[in-house]
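Okay, here's what each chain looks like letter by letter:
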Amino acid sequence: MQTAQQLLERLYPQRRSLLKRQILLDALSCFLEYGLETTSIEMIREKSESSVGAIYHHFKNKEGVIAALVFAALDDQAILRDQYLEKTQSLKELLYALIYSYVDWVSNQPKFAQFLMLAHFSVMQSEYRQALNEKNKLRNQKIVSYISNYSDAELLKSVPVELMISLVIGATESYCRAWLSGKVVTDPKVYRETLAQAAWDSLQNLASKT
């Protein structure tokens, strides 16, 4: 398991980003402990021992802090996903890689994963909605690009990419959400092969009916 600090250091490695990383790290802690609505800029300022001016300079407002954390989570997810996808040699391996990378990221970054599930809807209702949509669109385009490399990609030709992503990740996301909320105790990594096989089977079944 990695720390939230390590994630931020990967994305913001510059020395001059130290304050920005600290604000985000402490904001993450506040949001997870007190919730999105209850947490204020003043609470973040106090915990990070920074200034209101510094927070506004880097993030504009509280919604900007929330969006920055969501985007950091998605960017780190994407880095790991690409590392897994680059090693695949078949369509089945690719779908397994999607599951494995998602599960491994959630297991390694439970705090950011919990926050992502908590804050995703909030960002969709904010001025950062378009930026979030663009990130999701880019993710889908990359996945489709990888899929097109394989001769058996015809299997998924009739499956809309939005539906395909939901079918692939849906059950995995549901289990990860239960794990993050403490409803189940077994690390999702234990079940990643089972989840991947279920996703592959569901896509094959859907493709055979279309």
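Our structure's up above, just so we're on the same page.
Only a predicted model underlies this, so the values are computations on that prediction, with no experimental measurement involved.

Enquirer: Please give an account of the packing of aromatic side chains that cites residues and values.
Expert: Per the stated rule, a full pass over the model turns up three aromatic pairs. A ring pair is formed by Phe31 and Phe115, whose centres lie 5.7 Å apart and whose planes are at 35 degrees; its orientation type is tilted. With Phe31 in helix H2 (residues 18-34) and Phe115 in helix H7 (residues 110-124), this residue pair connects regions lying 84 residues apart in the sequence. The exposure class assigned to Phe115 is buried, which follows from its relative accessible area of 0%. Against the face of Phe71 rests Lys135, its NZ or CZ located 5.4 Å from the ring centre. Taking the ring centre of Tyr100 as reference, the NZ or CZ of Arg192 above it sits at 3.9 Å.

Enquirer: How would you sum up the pattern of salt bridges? Please name residues and give values.
Expert: In the structure shown here, the tally under the stated rule is six salt bridges. The residue Arg45 makes a salt bridge to Glu42 at a minimum N-O spacing of 2.7 Å. Here Arg45 and its partner Glu42 are both found in helix H3 (residues 41-48), three residues apart, which amounts to about one turn of the helix. Looking at Arg45, the relative accessible area reads 23%, which means it is partly exposed.

Enquirer: Explain the packing of helix H1 (residues 4-11) against H2 to me, using residue names and the numbers behind them.
Expert: The interhelical angle for the contact between H1 and H2, taken along N-to-C directions, is 145 degrees, at an axis separation of 10 Å. At the point where H1 passes H2, the crossing takes the right-handed sense. Residue-level inspection shows Ala4, Gln5, Leu8 and Glu9 of H1 in contact with H2, the latter providing Arg21, Leu24, Leu25 and Leu28. Residues belonging to the contact of H1 with H2 are distributed by class as follows: five nonpolar, one polar and two charged.

Enquirer: How would you summarise H3 if you had to cite specific residues and measurements?
Expert: Each α-helix turn comprises 3.6 residues. Residues three or four places apart therefore point the same way. For H3, the full list of buried residues reads Ile41, Ile44 and Ser48. For H3, the buried positions fall inside an angular range of 65 degrees around the axis, keeping them on one side. Residues of H3 that are buried in the fold lie against H2, helix H4 (52-59) and helix H5 (62-85). Phi for Glu49, located one or two positions after H3, is positive at around 55 degrees.

Enquirer: Quick rundown of the packing of H7 against helix H8 (residues 129-147)? Include the residues and the values.
Expert: Where H7 meets H8, the axes come as close as 8 Å, and the angle between the chain directions of the two elements is 120 degrees. Looking at the two axes, H7 sits oblique to H8. On H8, the residues touching His120, Val123 and Met124 of H7 are Arg129, Leu132, Asn133 and Asn136. Of the residues contributing to the contact of H7 with H8, the split by class is three nonpolar, three polar and one charged.

Enquirer: Can you explain the environment of Cys176? Please cite residues and give values.
Expert: Structurally, Cys176 can be placed in helix H9 (residues 161-180). Of the residues examined, Cys176 reaches a relative accessible area of 0% and is grouped as buried. Counting along the chain gives 73 residues from Cys176 to Val103, while the straight-line C-alpha distance between them is 7.4 Å. Excluding residues within four positions of it along the chain, Cys176 makes contact with Tyr102, Val106, Met117 and Pro188.

Enquirer: Hey, could you go over unusual backbone geometry for me, with residue numbers and the actual values?
Expert: Its identity is not glycine, yet Glu49 carries a phi of approximately 55 degrees, on the positive side. Position of Glu49 among the secondary structure elements: in the loop between H3 and H4. Although it is not a glycine, Lys60 sits at a positive phi angle of roughly 75 degrees. In this structure, Lys60 sits in the loop between H4 and H5.

Enquirer: Which residues make up the side chain of Thr39, and what values go with them?
Expert: When you line up the elements, Thr39 lands in the loop between H2 and H3. Here Thr39 falls in the buried class, since its relative accessible area comes to 1%. Separated by 2.8 Å, the side chain of Thr39 and the backbone oxygen of Gly35 make a polar contact. In this structure, Thr39 is in contact with Cys30, Phe31, Tyr34, Ile44 and Lys62, ignoring residues within four places of it in sequence.

What counts as what
Residues numbered from 1 in each chain as written. Predicted model: local features only at pLDDT ≥ 70, side-chain atom pairs only at ≥ 80, totals over all residues. Heavy atoms only, no water. Phe/Tyr/Trp six-rings, centres within 6.5 Å; stacked < 30°, edge-to-face > 60°. Helix = DSSP H or I, 4+ residues; strand = E, 2+ residues; numbered from the N terminus. Buried < 20%, exposed > 50% of the residue type's maximum accessible area, 1.4 Å probe, protein only. Lys NZ or Arg CZ within 6 Å of the ring centre and 35° of its normal. Salt bridge = Lys/Arg side-chain N within 4 Å of Asp/Glu carboxyl O. Axes fitted to C-alpha atoms, helices over the stretch in contact; angles between N-to-C directions. Left-handed = near helix turned anticlockwise from the far one by under 90°. Contact = heavy atoms within 4.5 Å. Nonpolar A, V, L, I, M, F, W, Y, C, P; charged D, E, K, R; others polar. Arc of directions from axis to C-beta. Parallel < 35°, antiparallel > 145°, perpendicular 65-115°, else oblique. Polar contact = N/O pair within 3.5 Å; in protein donor to acceptor, adjacent residues only side chain to side chain.

That is the geometry; function is a separate question.
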